[in-house]
2 protein chains.
Amino acid sequence: MENNKQIKSTKVEFNISNIFLEDLINKIDNKNVAEVNLLLSKLHISDVAEVVSNLPEKKRFELFDLENFNINPNVIVELKNELQKEILERITSDRIVRIVNSLESDNALQIVENLSEQKKEEVLTKIPLEDKNILEQTFSTYPEDSAARIMQREFAAVPQGWTVGQTIDYLRETQELPKDFFEIFIINQLNVPVGSVASSRILRTEREVKMSEIMKSNKFLIPAEMDKEQVAYNFEQYSLFSAGVVDKNNHLIGMITGDDIVTVIKEEAEEDTFRLAGVSVEKISDSAFSITKKRFIWLTINLLTAILASTVISAFNESIEKVVALAILMPIVASMGGNAGTQTLTVTVRLLATKELVSSNVRKIISKEFLVGFFNGLIFAFISGAAIFIWFQDIRLSALIAVAMIINMTVAGFFGILIPVGLNKFKIDPAISSSVFVTTVTDVFGFLSFLGLASYILNI
Amino acid sequence: MENNKQIKSTKVEFNISNIFLEDLINKIDNKNVAEVNLLLSKLHISDVAEVVSNLPEKKRFELFDLENFNINPNVIVELKNELQKEILERITSDRIVRIVNSLESDNALQIVENLSEQKKEEVLTKIPLEDKNILEQTFSTYPEDSAARIMQREFAAVPQGWTVGQTIDYLRETQELPKDFFEIFIINQLNVPVGSVASSRILRTEREVKMSEIMKSNKFLIPAEMDKEQVAYNFEQYSLFSAGVVDKNNHLIGMITGDDIVTVIKEEAEEDTFRLAGVSVEKISDSAFSITKKRFIWLTINLLTAILASTVISAFNESIEKVVALAILMPIVASMGGNAGTQTLTVTVRLLATKELVSSNVRKIISKEFLVGFFNGLIFAFISGAAIFIWFQDIRLSALIAVAMIINMTVAGFFGILIPVGLNKFKIDPAISSSVFVTTVTDVFGFLSFLGLASYILNI
């Protein structure tokens, strides 16, 4: 029966219910610290972080103001940056010092990074001198977003001459090791890592065997100044679980593990989403003013291309004066082209990012998108032609929109892939600059084909 | 000096040079298998996979046709799905059987999944009966994209009564264990997992200690039928390295490790990118016809909204007949609103996905986006007003576009956030359905504000 109970308590996902939140808020209101602590102690730290995030701001502060409120320091680490900063600003520097002292080095670094300048100074004077020096050295030597900023300084390493038995004895006796580790590094007399052995491999090997006999020497060592996105690429490409970090002298100074970089990998995939929409990376804490500034350039470029499209229209103002229906219908063709182009563009950008679209298949895929554009053109020529005939009872307008639709959607498919592929060839990020080119092309061709054909027909 | 050499050979990223490719193609042309094998043997399997992907199709087939070409089976696993299928179709079923037999269970499953029906049958009759039964059972019991399809069947597990010493002895003596493992599962007499111990923890514990004393009981067990995206969410949320997979009877049947789900996490973040552009998940192997079909619905919806916008224009056809410049300028306001709305929408969709935008801060963020929209409106009212004055030398047109711009960009910011937040509240994926609402709103308001104001001015 006991086992059954354990199974049932195995949750795979925790969903914060309103009942749970109300219960917690109730206990906060009553300043019933003991019960608050008990309630939260049953949850995983990640879930506590989510509960804290979901509290109304006022209650969140009341919670942290409670005397004897007992929070696992790792909950603070799990909070989103913005929330973390708010809470760190709220609590005393003495409390922050206790939190920092109890964390592993990578998490401690993250907390100190997120302190205001004044609090940072206060905290740095109160933590052990050795930790202070390491933190200050990291801040001054390695840039933000470098491997050194996300690595942990705790790792297990033994000299290359040791046996498995010596290693096991050392591991049993030494306190200053990370809680869990996937591998143990082997270093030579110059403190340079020459290989590593998985913990499970050591477990399975006889005590007499030398570590150097079972080590894997083909190690991926991460230079401390490497950008974290590059680190993520290596983890992904080579299916790494953990990797050592080395300084300029090739000395081992830290370790990065897979769970540290899951977030980095996710952020990287997100970047394309933002870039395609013409947004640079925004934080939820950015002010309205700074967001306006960040979005300004893209909107300015869009204004220029919209004006360009308008000059195309103005070339046909005589036709529009004769048949005002042209003005009514002309946005339809441009809009359809814009959407079809964006679809092709988005797919192409991701195919380039995942390296699925390469020089050996680029011709094939371009032909395919051209064909898709043409198919779309045919289909929507028919549909829009029929719709316009029902609306205006004019077969010429109907034919006009149909032909313009075929032209513009084919153009959209073709340029929707050609532009990002071309930019990529010139080492320009296709996500950030393709949209503007593609929509300009589809707008200009949309108006040009529709109004151009119309004026041609009107003139004969 | 020897160590120095080792350090230099430590590469962090392999970049395929054209020289390397040409060299390889040369060797393929000369049918010099020994040198081809030697050249590729120096590379990491992930890099070999990349080299193979970058070969022209013809050379790729020639490579696999070479007699005695020696490829690590894991290279086939690393290939993108489409390429993998192509190559599996090309090589004999005997060769596939050898590949499948040498792989770990999760990779073997992936290969068999990607075979054509005919090849699959051939291969299944030739592999050991036990493996065949397991594969067929997995295919019939667990859906595609379930945890069972990505787990490996090899794992290490010991009874809960055992000591550390017994465990180490068992691990040393047993052959059928995964190559490396981060943790060892503890199971009770019913074969139900009750906890796990990290390999490094075992290394650091005395032989006499009982496994049940050092195990972590709060385990995240993954039901075999759970969707892999949900599995990824759990790995990310709880920073897991590995997790056991259980069947309906809570029996441990496999293990999923962090490197298996990095791809899943990445795909999930990508999904929003596609959905925002109105594209469902496409594979590079999809035919032009099937792509056209997949993109059809979104384009149809766009056609309807474009026609809706046209009916707004048609309401003002008399004004356009009087002043044709209105037709020339009206797309500018709509286009700027559309872009500003898409920016806000994209940011909002990601904030919702990452659970940063929650009920406690939603009012604050909506007000902020409203303000950003208004700021943008003011800025681009000024810029576009000035540009139009230079073009048309008409202060009334200038004022007209300025006022319309303020209205439409404020509307864009407001609805850009309100619509995804609203959809999310009703449990509708905001990424998939927001775009159409937002651009419809900005088109309609764009034409309405510009032409409405114009006809009002013309009438007085």
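Quick caveat, the model's predicted, so the values are computed rather than measured. (Residues numbered from 1 in each chain as written. Chains lettered and ligands numbered in written order. Predicted model: local features only at pLDDT ≥ 70, side-chain atom pairs only at ≥ 80, totals over all residues. Heavy atoms only, no water.)

### Observations regarding the overall build of chain A
Right, so step 1: A tally of helices and strands in chain A yields 23 helices and six strands.
Right, so step 2: Expected size for 460 residues packed as a compact globule is a radius of gyration near 23 Å; at 31 Å, chain A overshoots this value by more than 25%.
Right, so step 3: In terms of overall dimensions, chain A has C-alpha extents of about 95 × 60 × 55 Å along its principal axes.
Right, so step 4: Taking all 460 residues of chain A together, the buried fraction comes to 57%.
Right, so step 5: Considering only contacts within chain A whose residues lie at least 6 apart along the sequence, 68% involve residues at least 24 apart. (Helix = DSSP H or I, 4+ residues; strand = E, 2+ residues; numbered from the N terminus. Rg over C-alpha atoms; globule rule 2.2 N^0.38 Å. Buried < 20%, exposed > 50% of the residue type's maximum accessible area, 1.4 Å probe, protein only. Contact = heavy atoms within 4.5 Å.)

### Brief notes about the relation of the copies chain B and chain A
One copy of the chain maps onto the second through a rotation about an axis and a displacement along it.
Right, so step 1: Placing chain B over chain A gives an RMSD of 0.2 Å and needs a rotation angle of 180°, together with 0.1 Å of translation along the axis. What the superposition gives is, in effect, a two-fold axis relating one chain to the other. Within chain B, the C-alpha atom positioned nearest to the axis of rotation is that of threonine 273 of chain B, 2.4 Å from it.
Right, so step 2: A shared interface surface links the copies, since 99% of the contact residues of chain B are contact residues in chain A too. (Least-squares fit on C-alpha atoms with pLDDT ≥ 70 in both.)

### Brief notes about unusual backbone geometry
Excluding glycine, residues mostly have negative phi values, and the peptide bonds linking residues are mostly trans.
Right, so step 1: Residues other than glycine seldom take positive phi values, yet asparagine 250 of chain A does so here, at roughly 65°.
Right, so step 2: By the element assignment, asparagine 250 of chain A lies in the loop between strand 5 (242–246) and strand 6 (252–257).
Right, so step 3: The exposure class assigned to asparagine 250 of chain A is partly exposed, which follows from its relative accessible area of 24%.
Right, so step 4: A positive phi angle, near 70°, is found at asparagine 191 of chain B, a position not held by glycine.
Right, so step 5: On the accessibility criterion, asparagine 191 of chain B (31% relative accessible area) is partly exposed.

### A few points about the pattern of salt bridges
Right, so step 1: The final tally for this structure, using the stated rule, is 30 salt bridges over all chains.
Right, so step 2: Note that aspartate 145 of chain B is salt-bridged to lysine 228 of chain B, the shortest N-O span being 3.3 Å. Of the two residues, aspartate 145 of chain B sits in the loop between helix 11 (129–141) and helix 12 (147–150) while lysine 228 of chain B sits in helix 16 (residues 228–237), which places them 83 residues apart along the sequence.
Right, so step 3: Note on aspartate 145 of chain B: relative accessible area 35%, which makes it partly exposed.
Right, so step 4: Note on lysine 228 of chain B: relative accessible area 18%, which makes it buried.
Right, so step 5: The network of salt bridges with shared partners includes Asp29, Lys58, Lys59 and Glu62 of chain A. (Salt bridge = Lys/Arg side-chain N within 4 Å of Asp/Glu carboxyl O.)

### As for the domain arrangement of chain A
One frequent convention defines the size of an interface as the accessible area lost when the parts assemble.
Right, so step 1: With domains assigned, chain A is organised as domain 1 (15–145), domain 2 (157–258) and domain 3 (288–459).
Right, so step 2: Between the C-alpha centres of domain 1 of chain A and domain 3 of chain A there is a distance of 50 Å. (Domains from an automatic or database assignment.)

### Observations concerning the environment of asparagine 68 of chain B
Residue and element names in this part refer to chain B.
Right, so step 1: Inspection of the secondary structure assignment puts asparagine 68 in the loop between helix 5 (57–65) and helix 6 (73–78).
Right, so step 2: A C-alpha to C-alpha distance of 69 Å links asparagine 68 and methionine 405, two positions 337 residues apart in sequence.
Right, so step 3: Those residues in contact with asparagine 68, other than ones at most four positions away along the chain, are Val33 and Asn37.

### Remarks on the side chain of serine 93 of chain B
Residue and element names in this part refer to chain B.
Right, so step 1: Among the secondary structure elements, serine 93 is positioned in helix 8 (residues 93–102).
Right, so step 2: For serine 93, a relative accessible area of 6% corresponds to the buried category.
Right, so step 3: Within the structure, the side chain of serine 93 is placed 2.9 Å from the side chain of glutamate 122, a separation counted as a polar contact. (Polar contact = N/O pair within 3.5 Å; in protein donor to acceptor, adjacent residues only side chain to side chain.)

### Looking at the sheet that holds strand 2 (residues 183–187) of chain B
All names here are of chain B.
Right, so step 1: If you walk across this open sheet you meet the three strands as 1-2-3, and the pairing is mixed. The sheet is open, and its two borders are formed by strand 1 (157–159) and strand 3 (193–198), each paired with just one other strand. Within the sheet, the average angular offset between the axes of one strand and its neighbour, ignoring direction, is 30°.
Right, so step 2: As paired strands, strand 1 and strand 2 are joined by three bridges and run parallel to one another. When the sheet's bridge partners are listed, valine 158 is paired in strand 2 with isoleucine 186. (Pairing = 2+ DSSP bridges. Axes fitted to C-alpha atoms, helices over the stretch in contact; angles between N-to-C directions.)

### Digging into helix 7 (residues 81–90) of chain A
Right, so step 1: Among all positions of helix 7 of chain A, only Leu83, Gln84, Glu86, Ile87 and Leu88 of chain A are buried.
Right, so step 2: Close packing links the buried residues of helix 7 of chain A with helix 4 (45–54), helix 5 (57–65), helix 6 (73–78), helix 8 (93–102), helix 9 (105–113) and helix 10 (117–126) of chain A.

### Description of the pairing of strand 3 of chain B
Residue and element names in this part refer to chain B.
Right, so step 1: With six of its six residues buried, strand 3 lies for the most part within the structure.
Right, so step 2: Both strand 2 and strand 3 contribute to a ladder of five bridges, which runs antiparallel. Directly across from isoleucine 186, in strand 3, lies its bridge partner glycine 195.

### Notes on the packing of helix 22 (residues 395–425) of chain B against helix 23 (residues 430–459) of chain B
Residue and element names in this part refer to chain B.
Right, so step 1: Packing of helix 22 against helix 23 brings their axes to within 8 Å, and their N-to-C directions diverge by 155°. Judged by the inter-axis angle, helix 22 sits roughly antiparallel to helix 23. By crossing handedness, the relation of helix 22 to helix 23 is classed as right-handed. (Parallel < 35°, antiparallel > 145°, perpendicular 65-115°, else oblique. Left-handed = near helix turned anticlockwise from the far one by under 90°.)

### Here's the deal with a nonpolar patch on the surface
Right, so step 1: A grouping of Phe296, Ile297 and Ile301 of chain A together with Phe374, Leu378 and Ile379 of chain B is seen on the molecular surface, where their side chains present a nonpolar patch of about 470 Å² in accessible area.
Right, so step 2: Taken together, the elements giving at least two residues each to the nonpolar patch come down to helix 18 (288–314) of chain A together with helix 21 (362–392) of chain B.
Right, so step 3: With respect to the element layout, leucine 378 of chain B can be found in helix 21.
Right, so step 4: For leucine 378 of chain B, a relative accessible area of 41% gives the class partly exposed. (Patch = residues over 30% accessible without salt bridge, like charges linked within 9 Å, V, L, I, M, F, W, Y side chains within 5 Å. Areas by Shrake-Rupley, 256 points an atom, 1.4 Å probe, with all protein chains shown as cover.)

### Quick word on the sheet that holds strand 6 of chain A
All names here are of chain A.
Right, so step 1: Taken in spatial order, the three strands line up as 4-5-6 in an open sheet, and their pairing is mixed. On the outer flanks of this sheet lie strand 4 (222–223) and strand 6, each paired with one strand and no other.
Right, so step 2: Along the sheet, helix 16 (residues 228–237) contacts strand 4, strand 5 and strand 6; its crossing angle with strand 6, the most-contacted strand, is approximately 65°.

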